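# Working through the structure, step by step
Residues per chain, in single letters:
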Amino acid sequence: MAATVFYLEQIPEPGGIAVLDGPEGRHAATVRRIRVGEPITLSDGAGVLAPSEVVAAQKDRLELKVLEKVAAQPVSPRVTVVQALPKSDRSELAVELMTEAGADVIVPWQAARCVANWEGKARKGVDKWRAAARSAARQSRRAYIPEVAELHRTADVLELIRNIKADNGIAVALHESGAGRFASFPFAQAAQVVLIVGPEGGLDDAELAALSEAGAEPSLLGPTVLRTSTAAAVALGALGALTPRWC
């Protein structure tokens, strides 16, 4: 089994000593109870992986000897998930699931029918999503922590879709009205994919029309109705099988 991953912004060259402290060090030393001699893989969250060995352990800090540094190649196509804000009790769950399933960028979206409303508290919401993404990336031992964007309104989402379409990407709005099946899109040939997931109440008709006009194609993901908090993870799993992302 691969060694547990912990994140550190600056990783020394092989042979050097890395200090893991702060929240990561506390989690490693106190929660996980990692001890001297155990292997850990350090990552900067931006593609660097560094197999290391613990040489000293304190209550909230580890010292590690870096054994090797390698660069993990980013997967293709790059996937951005535009996630309409779920209800508060499922909001961070949605981020955790899509992170574990491989999302590269996560965009919180204040859609028309969202029950949750981040107006006046967007900073707190984005910070919670970033913390959830980091924790889930560690759990799933990812070399890349997903980028969590600032809160988007519908106009921002439409601009994002246009930009990705201009770069020969594919934009798909997961919706029961979609005439085409998810598996029919040429995802494997795309450099970028954006998945749009609506809120619990579904996409507003005007929103769906605007998304379509911007270049997003409505698509039925599968035969069952999924929660907004799980739809992105299921779609990412399908993309893993339909593209080289899991090769």
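Residues numbered from 1 in each chain as written. Predicted model: local features only at pLDDT ≥ 70, side-chain atom pairs only at ≥ 80, totals over all residues. Heavy atoms only, no water.

The name an unreviewed UniProt entry assigns to the protein is Ribosomal RNA small subunit methyltransferase E, from the organism Nocardia albiluteola. Listed under Function (unreviewed entry) in UniProt, the entry text for the protein is "Specifically methylates the N3 position of the uracil ring of uridine 1498 (m3U1498) in 16S rRNA. Acts on the fully assembled 30S ribosomal subunit." (UniProt positions renumbered as here; feature names shortened; annotations may be inferred.)

### Section: the overall build of the protein
Along its length, the protein carries 6 helices and 13 strands. For a compact globule of 247 residues, the expected C-alpha radius of gyration is about 18 Å, and the protein comes in at 20 Å, within 12% of that figure. Considering only C-alpha atoms, the protein reaches an extent of 60 × 40 × 30 Å along its principal axes. The buried share of the protein, taken over its 247 residues, is 47%. (Helix = DSSP H or I, 4+ residues; strand = E, 2+ residues; numbered from the N terminus. Rg over C-alpha atoms; globule rule 2.2 N^0.38 Å. Buried < 20%, exposed > 50% of the residue type's maximum accessible area, 1.4 Å probe, protein only.)

### Brief notes about helix α4 (residues 154–166)
Taking 1.5 Å of rise per residue, the 13 residues of α4 would be expected to cover 18 Å, and the 18 Å separating its terminal C-alpha atoms lies within 8% of that figure. When we look at burial in α4, the residues that qualify are T154, V157, L158, L160, I161 and I164. What you see down the axis of α4 is that its buried residues fit within an arc of 160°, all on one side. In α4, the exposed residues that point more than 90 degrees away from the buried face are A155 and A166. Considering only its buried residues, α4 is in contact with β7 (78–84), β8 (105–109), β10 (170–174), β12 (192–197) and α5 (205–214). Just downstream of α4 lies N168, where phi reads positive at about 60°. (Expected span 1.5 Å × (residues − 1). Arc of directions from axis to C-beta. Contact = heavy atoms within 4.5 Å.)

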